[in-house]
Amino acid sequence: MKQDLIFILVSILLINCSNTNTSSVKYLQQADSVIHIPINSNISSTTRNLRYFKDKEIEYIATENNHLNSIDIFNLNSRTLCKTVTPQIYGPDGIGTHILGFDIVNFDTIIVGTNGIADKLFIIDSSAHLYEKIKFEISYEPYLPIPFLFSANWGGNSANYDGEKLTLSAVCRTDESDFYKVDTCPAGYIYNLKTHKTEKLQLRQPEIIKLNPPIVYSESSILINQNKKIFSYELGHQVFVSTNDSSWTVYNLKSKYVKKPFNPGFGNDIIGSQTKFVESPAYLALVYDKYRHVYYRFVYPGIDVAKGDDVMKLCEFCRIFSVMIIDEDFNVLGETLMPENTYNSNMFFINEAGLWISTNHPDNPDFEEDAINFQLFNLK
């Protein structure tokens, strides 16, 4: 299982940008370090939502447990479960329904999204005490811009936090025939934890219909790094960067491994829709590594579904994916292809040591249901 994963990617064309890539080629190399966290049968060994945070200089990860509607928090120093947070549905601390996405700043500030309540987020602490309801002013005509907090690892949807304000991306729900008008939707929402007020970002979503070829509207995410707002779509090679809250610069950051066309839309039934989803390429998380000053973009190249494949499992666990390495000027420095059925693209985090990716993939021969395991990758 221990092998060097090395890939060299030549520089690519940037749309609307003239800078060329003069940096040395980079790749991710598997290191010797691993993390092994034993778990009991009440804790899920896989998750669609994993968050890393520090509290009082101690490192933690938190995972969403959909089966028990809870959030499990693990101490990375002791490599043990230290807390399970179970939000209440009813009563004075009730959030009204089940968790659908969360982010965590520290033990006192956990932002929870919910299933079926589009215009609210909730802030609880690690005792599941509800101390704030965030109400968003959503206009339903002609669009429905929804604050989105589903998964940091699938679409990179995080609550970007600067110590005072939370900024979240917005997904515009509208008729598919009107997707070309999404540039009238806000790119996201801001919530001020001190004034308890919400507002829409002045920045509109990118004019994707004017690109050649145009992007198919899909799930989007916004990443904030210092003065940059970085917007991307699941079904689009491009990354959009704004430094002035009024316009976007477009970078074409196409993965070398995406050979298939995007395959949006729905099939004739659930299996048909899931098959289209699995066969289509998709850009997953776009995250920033503040220690090495690069971005990582996780990429699913799409696969051909064979008769007898469990498409539901393939929807949740990518059989294969790559990680692009992008510098702060949005030049592609390299791309590393991960071996099939080995790593879980939903479960990763970044710390000073490097990029940690979980080996908890159900088709990995070394998969352990009674542990959460991570492999360290170093940038070379």
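Just so you know, these numbers come straight off a predicted model, no measurement behind them.

J.: I'd like a rundown of the overall build of the chain, residues and numbers included.
T.: Looking only at helices and strands, the chain features two helices and 25 strands. Buried residues in the chain amount to 56% of all 380 residues. Within the chain, counting contacts between residues at least 6 apart in sequence, those at least 24 apart form 55% of the total. On the chain, roughly 16,900 Å² of surface is accessible, and the fraction owed to carbon and sulfur atoms is 49%.

J.: Report on the pairing of strand β15 (residues 220–225), specifying residues and quantitative values.
T.: In terms of residue burial, β15 counts as a mostly covered element, since five of its six residues are buried. For β15 and strand β16 (residues 228–233), the ladder comprises six bridges, and the chain directions are antiparallel. Bridging across to β16, L223 finds its partner in I230. Connecting β15 to the next strand, β16, in antiparallel fashion are two residues, including Q226 with a positive phi near 55°.

J.: I'd like a rundown of a negative patch on the surface, residues and numbers included.
T.: There is a patch of like negative charges on the surface, built from D366, E368, E369 and D370. Here E368 is to be found in the loop between β24 (354–358) and β25 (371–379).

J.: So what's going on with the environment of Q29? Residues and values would help.
T.: Mapped onto the secondary structure, Q29 falls in strand β1 (residues 28–38). With 351 residues separating them along the chain, Q29 and K380 place their C-alpha atoms 6.6 Å apart.

J.: I'd love a proper account of the sheet that holds strand β22 (residues 332–337), names of residues and values included.
T.: Across the sheet, four strands lie side by side as β19-β20-β21-β22; this open sheet has antiparallel pairing. Only two strands of the sheet have a single neighbouring strand rather than two, namely β19 (282–289) and β22. Sheet twist, expressed as the mean angle between neighbouring strand axes with direction ignored, is 20°. Bridging between strand β20 (residues 294–300) and strand β21 (residues 322–327) involves six bridges; their strand directions are antiparallel. Counted as the bridge partner of R297 is M324 from β21.

J.: Any details on the nonpolar core? Residues and values, ideally.
T.: Nonpolar side chains tend toward joint burial in soluble globular proteins. By size, the foremost hydrophobic cluster in this structure holds 27 residues, and its most contacted members are L28, Y296, F298, F321, M338, L355 and I357. For this core, the elements supplying multiple residues, two or more each, are β19, β20, α2 (311–316), β21, β23 (344–351) and β24. With 18 residues, the next largest nonpolar core counts C185, I215, Y217 and Y233 among its residues.

J.: Now, about the state of the cysteines: what can you tell me, with residues and values included?
T.: Inspection of every chain in the model, using the stated rule, returns zero disulfides. With no disulfide of its own, C315 lies closest to C318 among cysteine sulfurs, the gap being 9.5 Å.

J.: Would you mind going over the pattern of salt bridges in detail, with residue names and values included?
T.: Taken as a whole, this structure holds seven salt bridges when the rule is applied. One salt bridge connects K260 with D304, and the closest N-O pair in it is separated by 2.9 Å. Remark: D304 occurs in the loop between β20 and α2 and K260 occurs in the loop between β18 (249–252) and α1 (270–279); sequence separation between them is 44 residues. Taking relative accessible area as the criterion, K260 reaches 26% and is therefore assigned partly exposed.

J.: Residue-level account of the packing of aromatic side chains, with values.
T.: Applying the stated criterion to the full structure yields 17 aromatic pairs. Ring plane angle 15° and centroid distance 4.2 Å describe the contact between F298 and F348, whose orientation is recorded as stacked. Placement of the pair is F298 in strand β20 and F348 in strand β23, with a sequence separation of 50 residues. F348 shares its class with F298; the two are buried. Here the aromatic residues Y52, F349, W356 and F374 are joined through ring pairs into a cluster of three or more. Positioned above the aromatic ring of F102 is the side chain of R51, whose terminal nitrogen or guanidinium carbon lies 5.9 Å from the ring centre. For R297, the ring lying beneath its charged end belongs to Y283, and the centroid distance is 3.8 Å.

J.: I'd like a rundown of the confidence of the model for the chain, residues and numbers included.
T.: Chain-level pLDDT for the chain is 85 on average; 85% of the residues reach the 70-or-more range. Counting contacts from residues 1–20, a segment whose pLDDT is below 50, to residues more than four positions away or on other chains yields 59 contacts.

Cut-offs and rules
- Residue positions are given per chain, counted from 1 along the sequence in the order it is written.
- Local features are withheld for residues below a pLDDT of 70 in this predicted model, meaning they are given only at 70 or higher, and side-chain atom pairs are given and counted only at 80 or more; totals for whole chains, interfaces and linings count all residues.
- Computation of side-chain values: all heavy atoms of the structure, hydrogens and water removed.
- Secondary structure elements are defined from DSSP: runs of H or I of at least 4 residues count as helices, runs of E of at least 2 residues count as strands, and each element is numbered from the N terminus.
- Any residue under 20% of the maximum accessible area for its type is buried, any over 50% is exposed, and the rest in between are partly exposed; the area is computed with a 1.4 Å probe on protein chains only.
- Between two residues, a contact is recorded if the distance between any of their heavy atoms is within 4.5 Å.
- Accessible areas in this description were obtained via Shrake-Rupley with a 1.4 Å probe; residue shielding takes into account the shown protein chains only.
- Pairing between strands requires that DSSP locate at least two bridges from one strand to the other.
- Like charges are joined within 9 Å and nonpolar side chains (Val, Leu, Ile, Met, Phe, Trp, Tyr) within 5 Å, but only among residues with over 30% relative accessible area and no salt bridge; these make up the patches.
- We count a salt bridge whenever a side-chain nitrogen from Lys or Arg sits within 4 Å of a carboxyl oxygen from Asp or Glu.
- Charged-residue counts in this description rest on Lys and Arg as positive and Asp and Glu as negative, His and the chain ends being excluded.
- Note that the charge is assigned to NZ on lysines, CZ on arginines, CG on aspartates and CD on glutamates.
- Structural elements are reduced to axes, namely lines fitted to C-alpha atoms, with helices fitted over the stretch in contact, and the angle between N-to-C directions of any two is expressed from 0 to 180 degrees.
- Residues belong to one nonpolar core when they are buried, are Ala, Val, Leu, Ile, Met, Phe, Trp, Tyr or Cys, and are joined through side-chain atoms within 4.5 Å.
- In plain terms, two cysteine sulfur atoms within 2.5 Å form what is called a disulfide here.
- Any pair of Phe, Tyr and Trp rings, taking the six-membered ring for Trp, is counted once the centres come within 6.5 Å. Such a pair is stacked with planes under 30 degrees apart, edge-to-face with planes over 60 apart, and tilted for the rest.
- Charge-over-ring placement is defined geometrically: NZ (Lys) or CZ (Arg) within 6 Å of the ring centre, and within 35 degrees of the ring normal.
- Per-residue confidence from the predictor is reported as pLDDT, which spans 0 to 100.

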